[in-house]
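Structural overview
Residue strings, one per chain:
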Amino acid sequence: MRFPAEPFRIKVVEPLRRVTREEREQRIAEAGLNIFSVPADTIYVDLLTDSGTSAMSDNQWAGLMLGDESYAGSKNFYTFVETVRDIFGYPHVIPTHQGRMAENLLFTTLLKKGDVVPNNIHFDTTRANVEAQQAVALDLVVDEGLDPTADLPFKGNLDPEKLDRALAEHGPERIPVVMLTVTNNSGGGQPVSIANVKAVRKVCDRYGVPLFFDACRFAENSWFVKQREPGYQDREVIDIAREMFSYGDGCTMSAKKDGLVNIGGFLAMKNAEWAERITNLLILVEGFPTYGGLAGRDLEAIARGLREVLNEDYLAFRVGQVAHLGDLLVQAGVPIVKPVGGHAVYIDAKRMLPHIPQSQFPGQSLVVALYREYGIRAVEVGSLMFGHKDPKTGADVFPQLELVRLAIPRRVYTTEHMRYVADSVIQLFNEREKLRGLRLSYEAPVLRHFTARLEEIGRADVARSTPGRVEHSATR
Ligand code: P71
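Residues numbered from 1 in each chain as written. Predicted model: local features only at pLDDT ≥ 70, side-chain atom pairs only at ≥ 80, totals over all residues. Heavy atoms only, no water.

1. Focus on empty space enclosed by the protein
Within the structure shown, the criterion is met by one cavity of 30 Å³ or more. Of the volumes computed, that of the largest cavity is approximately 50 Å³. Lining the largest cavity are Asn34, Ile35, Phe36, Gln364, Val379, Glu380, Leu384, Met385 and His449. (1 Å grid on protein atoms, 1.4 Å probe; cavity = no way out; pocket = protein on both sides within 12 Å on 5 of 7 lines; lining within 4 Å. Points joined across faces, edges and corners; volume = space filled by probe spheres on them.)

2. Digging into the pairing of strand β9 (residues 344-348)
Within β9, five of the five residues are buried, which leaves it mostly tucked inside the rest of the structure. Residues of β9 alternate between two faces, with Ala344, Tyr346 and Asp348 on one and Val345 and Ile347 on the opposite face, all of them buried. (Buried < 20%, exposed > 50% of the residue type's maximum accessible area, 1.4 Å probe, protein only. Helix = DSSP H or I, 4+ residues; strand = E, 2+ residues; numbered from the N terminus.)

3. Considering the sheet that holds strand β5 (residues 178-181)
Read across the open sheet, the five strands follow the order β2-β8-β7-β6-β5; overall the sheet is mixed. Either end of the sheet is taken by a strand with one partner, and the two such strands are β2 (92-96) and β5. The mean inter-strand angle of the sheet, taken between neighbouring strand axes irrespective of direction, is 15°. Alignment of β5 against strand β6 (residues 211-214), held across four bridges, turns out to be parallel. Looking at β6, one finds that threonine 181 is bridged to aspartate 214. (Pairing = 2+ DSSP bridges. Axes fitted to C-alpha atoms, helices over the stretch in contact; angles between N-to-C directions.)

4. So, the pattern of salt bridges
Tallied over the full model, the rule gives 35 salt bridges. A salt bridge links glutamate 69 to arginine 297; its shortest N-O distance comes to 3.4 Å. Taken together, the positions of glutamate 69 in the loop between α2 (58-65) and α3 (75-88) and arginine 297 in helix α11 (residues 296-308) put the pair 228 residues apart, joining distant regions of the chain. Accessibility expressed as a relative area gives 40% for arginine 297, which makes it partly exposed. The partner of glutamate 220 in a salt bridge is arginine 410, with the nearest N and O atoms 3.1 Å apart. Here glutamate 220 is found in helix α8 (residues 218-228), whereas its partner arginine 410 is found in the loop between β14 (403-407) and α16 (415-430), with 190 residues between them in sequence. (Salt bridge = Lys/Arg side-chain N within 4 Å of Asp/Glu carboxyl O.)

5. Observations regarding the site of the ligand
Taken together, 18 residues sit near the ligand, with Thr49, Arg100, Ser254, Lys257 and Arg405 positioned nearest. Contact distances for the ligand include 2.7 Å between an oxygen atom and a side-chain N or O atom of arginine 100. Taking arginine 405, its side chain carries an N or O atom lying 2.7 Å from an oxygen atom of the ligand. A total of 570 Å² of accessible area belongs to the ligand in isolation, and the protein chains cover 90% of it. A per-element tally of the shell around the ligand places helix α4 (residues 99-110) first, with three residues. Here the residues of the shell around the ligand sort into three nonpolar, eight polar and seven charged. (Near = heavy atom within 4 Å. Polar contact = N/O pair within 3.5 Å; in protein donor to acceptor, adjacent residues only side chain to side chain. Areas by Shrake-Rupley, 256 points an atom, 1.4 Å probe, with all protein chains shown as cover. Nonpolar A, V, L, I, M, F, W, Y, C, P; charged D, E, K, R; others polar.)

6. Here we look at the packing of aromatic side chains
Taken as a whole and assessed by the stated rule, the structure comprises 15 aromatic pairs. Here phenylalanine 8 and phenylalanine 317 contribute two aromatic rings whose centre-to-centre distance is 5.6 Å and whose plane-to-plane angle is 85°, an arrangement assigned as edge-to-face. Remark: phenylalanine 317 occurs in helix α12 (residues 312-331) and phenylalanine 8 occurs in the segment before α1 (21-30); sequence separation between them is 309 residues. What makes phenylalanine 317 buried here is its relative accessible area of 1%. The interplanar angle of 75° and the centroid separation of 5.2 Å between the aromatic rings of tyrosine 71 and tyrosine 291 together place this pair among those described as edge-to-face. Of the two residues, tyrosine 71 sits in the loop between α2 and α3 while tyrosine 291 sits in the loop between α10 (272-285) and α11, which places them 220 residues apart along the sequence. In this structure tyrosine 71 comes out as exposed when scored by relative accessible area, which is 54%. (Phe/Tyr/Trp six-rings, centres within 6.5 Å; stacked < 30°, edge-to-face > 60°.)

7. Quick notes on the environment of lysine 389
Looking at where lysine 389 falls in the secondary structure, it is placed in strand β12 (residues 388-389). Accessibility expressed as a relative area gives 49% for lysine 389, which makes it partly exposed. Taking the C-alpha atoms as reference points, lysine 389 and valine 330, 59 residues apart in sequence, are found 34 Å from one another. Setting aside anything within four residues of it in sequence, one finds lysine 389 in contact with Gly394, Ala395, Asp396 and Val397. Here the side chain of lysine 389 touches aspartate 396 through a polar contact of 2.7 Å, side chain to side chain. (Contact = heavy atoms within 4.5 Å.)

8. Considering the side chain of serine 383
Tracing the backbone through its elements, the reader meets serine 383 in helix α15 (residues 383-386). There is a polar contact of 3.3 Å between the side chain of serine 383 and the backbone oxygen of glutamine 358.

9. Points about helix α7 (residues 194-207)
Between its terminal C-alpha atoms α7 stretches 20 Å, which fits the 20 Å expected from 14 residues at 1.5 Å a residue. What α7 keeps buried is the set Ile194, Asn196, Val197, Val200, Arg201, Val203 and Cys204. One or two positions beyond α7, positive phi appears at glycine 208, with a value near 70°. (Expected span 1.5 Å × (residues − 1).)

10. Thoughts on the side chain of arginine 24
Structurally, arginine 24 is set in helix α1. The charged side chain of arginine 24 is buried without a salt bridge, its nearest counter-charge being glutamate 373 at 6.3 Å. Within the structure, arginine 24 has its side chain in polar contact with the backbone oxygen of tyrosine 371 (distance 3.0 Å). (Lys, Arg positive; Asp, Glu negative; His and termini not counted.)

11. Let's talk about the packing of α7 against helix α9 (residues 237-246)
Where α7 meets α9, the closest approach of the two axes is 9 Å, and the angle between their N-to-C directions is 15°. Judged by the angle between their axes, α7 and α9 are roughly parallel. The two elements α7 and α9 meet at a crossing, and its hand is left-handed. In contact with Ile194, Val197 and Lys198 of α7, α9 contributes Ile240, Glu243 and Met244. Residues of the contact of α7 with α9, tallied by class, amount to four nonpolar, no polar and two charged. (Parallel < 35°, antiparallel > 145°, perpendicular 65-115°, else oblique. Left-handed = near helix turned anticlockwise from the far one by under 90°.)

Take a look at the structure:
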């Protein structure tokens, strides 16, 4: 598939250190086969996350120099508020240092014990912040959103019938807010259609419940609407975003994604009384309302990033680059989640490595091999991240999906980097029977994937023993 070439040129470069396979072998062993514990400067292509890893533009860097670091009333705050109001349409804008603080402030203010929050699929931090209030996080994505092989345009949609049933069952008094994550990260970066937003809004109205967006990847979602939803082909992406947000009452935002910055976030909403309560809390935990845990220069960079991310040449390249990586893998027969999402390609490790049972972490085995052989960092989204012991029986419970996510930072890697990643994954795919299962040697009681240590069962040197292996000179 062809897609537009990079709509930017490179003015500043960040050299990558050459690391030998032997060093990587040692590093990953020292890390207990946990990719979170590997030093980032030993990685060639880092696809751990698209969050906070964007390259800023010259325009954003210039904005940093215009940072007004006054404690109160920084001019950058006013530019930031004006920009958020213009795109999102919500009058009350509250800056935070990143997305999860926006979630924390919202849920601390709205939720009480036993409440229920529906969402298409809660991202981990959103779920954790709901549960921290002893409330229940309900995932109500359409059924096809959980099928990695269903090649459909809007697999991020929230099922309005499931939402209706949840509201009828729990009662609107126990559901203070309905959330919609755009794009749906935990479901593979899949978009939500405007028709679905409207349908969800209708159900919310029937019960008098407000609707909030988890808006991290709103520009990528709006781009998919333009590409895929009938009636939107001739609309500007910014207008699609404005229309989408017009059906909501507010949003939480991690600007580390579609804000094109390395740190920052915000809350925006219509309800003045909520905004006042949240602002009082903000002063306690983040700072004065005109900076909210950020420097003035950060607010300027976010304001500029929010405009740049809606540039359609940028979006065509961005979403096209991610799709291109997916296409290269599909052509070689590598099983991935389809269609490719906006910010990442998800490899289906269950189908790629059927000889490794889920109890032996096939996804993590692939993650380890990608780093050791090729210097690529991916992240497991499967049995290591979500597997747990049943509290009653003590039996192992594994998630339905066993995925490896290749998240692409924005404007950071070239298409040649994508080819390198594709070649590497394909090489491992062709040698897949050599990958071995893993077992845990240490696990923490919660969020174990961040600190777990593992070891290989029946260790086999995959690529080193293979004659004719492609040498990637960049990392040798
Ligand atoms: C991602 C992240 C960042 C991350 C978070 C936790 C562990 C590893 C990496 C963050 C999101 C997100 C959505 C939909 C809220 C947040 C939190 N995603 N909603 O995908 O995807 O934002 O990081 O600014 O607090 O790698 P925050």
